[in-house]
There are 2 protein chains.
Amino acid sequence: MKEPAARSERKFPCEQCPLMRRKVFRDFNKKELDFVSRLKRGELSVDRSATVLAEGTRNPHLYTVLMGWGFRYKLLPDGRRQIVNYVMPGDLIGLQGSLMGEMQHSIETLSPMTLCVFERSELMSLYREHPDLAYDVTWLASREECMLDENLLSVGRRTALERLAYLIAFLTNRASAVGMFNGSAPLLPLTQQHLADTLGLSLVHTNKTVRKLVQKNLIRWRDKGCEVLDLDQLAALSGWDPSDEGIRPFI
Amino acid sequence: MKEPAARSERKFPCEQCPLMRRKVFRDFNKKELDFVSRLKRGELSVDRSATVLAEGTRNPHLYTVLMGWGFRYKLLPDGRRQIVNYVMPGDLIGLQGSLMGEMQHSIETLSPMTLCVFERSELMSLYREHPDLAYDVTWLASREECMLDENLLSVGRRTALERLAYLIAFLTNRASAVGMFNGSAPLLPLTQQHLADTLGLSLVHTNKTVRKLVQKNLIRWRDKGCEVLDLDQLAALSGWDPSDEGIRPFI
DNA sequence: CGACCTGTTGATGGGCGTCAATTGTGGTGG
DNA sequence: CCACCACAATTGACGCCCATCAACAGGTCG
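Here the residue index of a chain counts from 1 through its sequence in written order. Chains carry letters and ligands carry numbers; both start at the beginning, A for chains and 1 for ligands, and go up in the order they are written. Per-residue local features of the predicted model are confined to residues with pLDDT of at least 70, and side-chain atom pairs are confined, for both listing and counting, to 80 or more; whole-chain, interface and lining totals are unaffected and use all residues. Water and hydrogen atoms were dropped before computing side-chain values, which therefore reflect all heavy atoms in the structure.

Moving on, we get to the sheet that holds strand 9 (residues 187-188) of chain A. Residue and element names in this part refer to chain A. Spatially, the three strands line up as an open sheet ordered 9-11-10, and their pairing is antiparallel. Where the open sheet ends on each side, the last strands, each with one partner, are strand 9 and strand 10 (219-222). For two strands to pair, DSSP has to find at least two bridges joining them. Working definition: helices are DSSP H or I runs of at least four residues, strands are E runs of at least two. Numbering for both runs from the N terminus. Note: strand 9 against strand 11 (residues 225-228), two bridges, orientation antiparallel. Bridged to L187 within strand 11 is E227.

Now the structure itself:
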């Protein structure tokens, strides 16, 4: 695990926030934009395989992901790992730690990532001065809860093949909603170990399940990643309806 | 599934809210109390085994549980059920539906339950007029997320015996924090089918795992319920640290 | 070049699912 | 009052899904 390497220059002033160019994200009005801009402390750029937040620590910051992939996980005392969700551009991370003290999970990157940094202590002023934005923060927390429900349903009640199909469909759906492929073929930057730790399966069995989806021509396995060939059939195979969420907020 | 039977009389004006008597919940000041009191639409009393909220529906209300047990679950198209969490006094339910439209899960009671009813449409005025309370709503959502992370870790990475031990310890811990046993022996009002659907196991295997905990003298199985004999050993067996949460908000 | 990571495949065994039958209990209607 | 049924718990038999162990191939990097 590499240390996050912070850089101080601000490549993305809020007025040119890369997220604002995406249609999925709602617009800010001038006043909100000014406020958020003042809230912003800086940017953080980290490498691939870096730990952004660590379980058991206290971090004075909140982040919004601007670019890159990552995942959120927990460990058992003996080292068994469970990935609970993935993070992508527009996701707010570190909120749990801000509200409840110590972090209860860790976050690691799957690609280089840049994040927008906010001061944890300023969160209350956001609630005081911008109820609309506060509402949005709650909305984001609620959406995360919704995804966790889905993942739990999957791990608890789907077969290995269904689980894998669901996971790939879920990630592809989320990622393309925020324009991570824009046009090119969907490619998820994961190892099979990541899949295994998300699905609650062993690495070996995950591999054998991956092979089955490859043989069905639903995916192709590339250098360190999974190329998605048929999103609809993956969703159908898992019995999942990828309901489109429409416009959504971000901070 | 029985229909919820609504009653209109208000047995618990906010000033005498049964939750306020509990030490775990924080105090309101007068202004907040007045505001919440105006927000309150009434009370809902439902029987055991009633469906309070149903997946796929839209409900104009938000609820805070005042008394009773329940659980939150999702279904696969073919009927497989996954219980994602349990609800107890002080829990805010229906928030997801309020923020995101349709309910993505259902809630059913395990005992008679009384709930405090709020109008969904008033939520925004709470955010505008009482930032502190808005912050608390987010806090509650965040806590739910934290519990889901734990449950996902459990289902994904623990063995059947560890999973069951964790679940029982987790529920006992939560329930005694809100004073559901006050003094008497901890008794969880669940069937083994509920356990199975929470743990991601079959009913038969759940039964055999329950027997193992009974033989270890950690629990005793009663008429439709599980009596907890040794909470500490259950937690230790599952490798879980039941960190005490301290004072917490409610609405 | 050797160490390491990632993917792959085969062999073996155990944990857990499925099927099936039995018991006990409470509720319901004849 | 009792036959009947539904539900919850329990237990045994059987087999499959998936974990574990092991070995190997290819690629990357120091």
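From this point, things continue past the structure.
Here the UniProt-annotated "domain: HTH crp-type" (unreviewed entry) positions come out as residues 158-232 of chain A. Structurally, residues 158-232 of chain A comprises 55% helix and 13% strand, and the distance from its first C-alpha atom to its last is 18 Å. UniProt positions are given in the numbering used here, feature names are shortened, and annotations may be inferred rather than shown by experiment.

For the rest of this paragraph, the subject is the nonpolar core. We call a set of buried residues a nonpolar core when its members are Ala, Val, Leu, Ile, Met, Phe, Trp, Tyr or Cys and they connect through side-chain atoms within 4.5 Å of each other. Residue exposure (1.4 Å probe, protein chains only): buried if accessible area is under 20% of the type maximum, exposed if over 50%, otherwise partly exposed. In terms of nonpolar packing, the biggest core is built from 63 residues, with L95, L126 and Y127 of chain A together with L95, L126 and Y127 of chain B touching the most fellow members. Among all residues touching L126 of chain B, those that are not within four sequence positions of it are F35, L39, P131, L133, A134, V137 and I251 of chain B. Ranked by size, the runner-up nonpolar core spans 34 residues in total, among them Y73, L110, L164 and C226 of chain A. Note on contacts: a residue pair qualifies if any of its non-hydrogen atoms lie within 4.5 Å across the two residues.

In this section: the interface of chain B and chain A. How big an interface is tends to be expressed through the accessible area that disappears when the partners come together. Between chain B and chain A, the residue contacts involve 50 residues of the former and 50 residues of the latter. Its largest share of buried area at the contact with chain A, chain B owes to Y135, L152 and R157 of chain B, together 17% of the area lost on that side. Basic side-chain nitrogens of Lys or Arg form a salt bridge, by our definition, when they fall within 4 Å of a carboxyl oxygen of Asp or Glu. The tally of links between chain B and chain A comes to six salt bridges. As a salt-bridge pair, D197 of chain B and R157 of chain A come within 2.8 Å of each other at their nearest N and O atoms. In the analysis that follows, any N or O atom pair within 3.5 Å is treated as a polar contact, provided that within protein one partner can donate a hydrogen and the other can accept it, and provided that, for residues neighboring in sequence, both atoms belong to side chains. Applying the counting criterion to the chain B and chain A interface returns 23 residue pairs in polar contact (both at pLDDT 80 or more). Those elements that place two or more of their residues in the side of chain B that touches chain A are strand 4 (70-75), strand 5 (81-87), helix 2 (95-100), helix 3 (123-129), helix 4 (131-157) and helix 6 (192-199) of chain B. Each of two parts loses accessible area, computed with a 1.4 Å probe, when they are put together; buried area is these two losses added.

Let's shift gears to the protein's contact with DNA strand C. For each residue, the test is whether any non-hydrogen atom lies within 4 Å of the molecule or strand; if one does, the residue is near. The environment of DNA strand C is formed by 13 residues, the closest being Q192, N207 and R211 of chain A together with S202 and H205 of chain B. Take the atoms of DNA strand C that sit within 4 Å of the protein: sugar and phosphate atoms are 69% of them. Contact distances for DNA strand C include 2.7 Å between a phosphate oxygen and a side-chain N or O atom of R211 of chain A. A160 of chain B has a polar backbone atom sitting 3.4 Å from a phosphate oxygen of DNA strand C.

Within 6.5 Å between ring centres, the rings of Phe, Tyr and Trp (the latter by its six-membered ring) count as paired, and their orientation is classed by plane angle as stacked under 30 degrees, edge-to-face over 60, tilted in between. In the structure shown here, the tally under the stated rule is 18 aromatic pairs over all chains. Taking 5.4 Å as the distance between ring centres and 75° as the angle between the ring planes, the aromatic pair formed by Y135 of chain A and Y127 of chain B counts as edge-to-face. A residue pair is termed interchain when its members come from two chains, as with Y135 of chain A in helix 4 (residues 131-157) and Y127 of chain B in helix 3. An aromatic cluster is built from F25, F28 and F250 of chain A, whose rings are joined through pairwise contacts. Geometrically, a lysine NZ or arginine CZ counts as sitting over a ring once it is within 6 Å of the ring centre and also within 35 degrees of the ring normal. We note R26 of chain A situated over the ring of F28 of chain A; from NZ or CZ to the ring centre the distance is 4.3 Å. When the ring centre of Y166 of chain A is taken as reference, the NZ or CZ atom of R158 of chain A above it lies at 4.5 Å.

Now for the relation of the copies chain B and chain A. For this overlay, a least-squares fit was computed on C-alpha atoms, restricted to residues scoring pLDDT of at least 70 in both copies. The two copies are related by a screw motion: chain B maps onto chain A through a turn of 180° and a shift of 0.0 Å along the axis, at an RMSD of 0.0 Å. Taken together, the turn and the small shift mark the pair as related by a two-fold rotation axis. Comparing interface residues between copies, 100% of those in chain B also lie at the interface in chain A; the contact surface is shared.

Before going further, it helps to spend a moment on helix 6 (residues 192-199) of chain A. An α-helix turns once every 3.6 residues. As a result, residues three or four positions apart point the same way. Most of helix 6 of chain A is tucked away: seven of the eight residues are buried. Among the residues trailing helix 6 of chain A, G200 of chain A stands out with phi positive, at a value near 75°.

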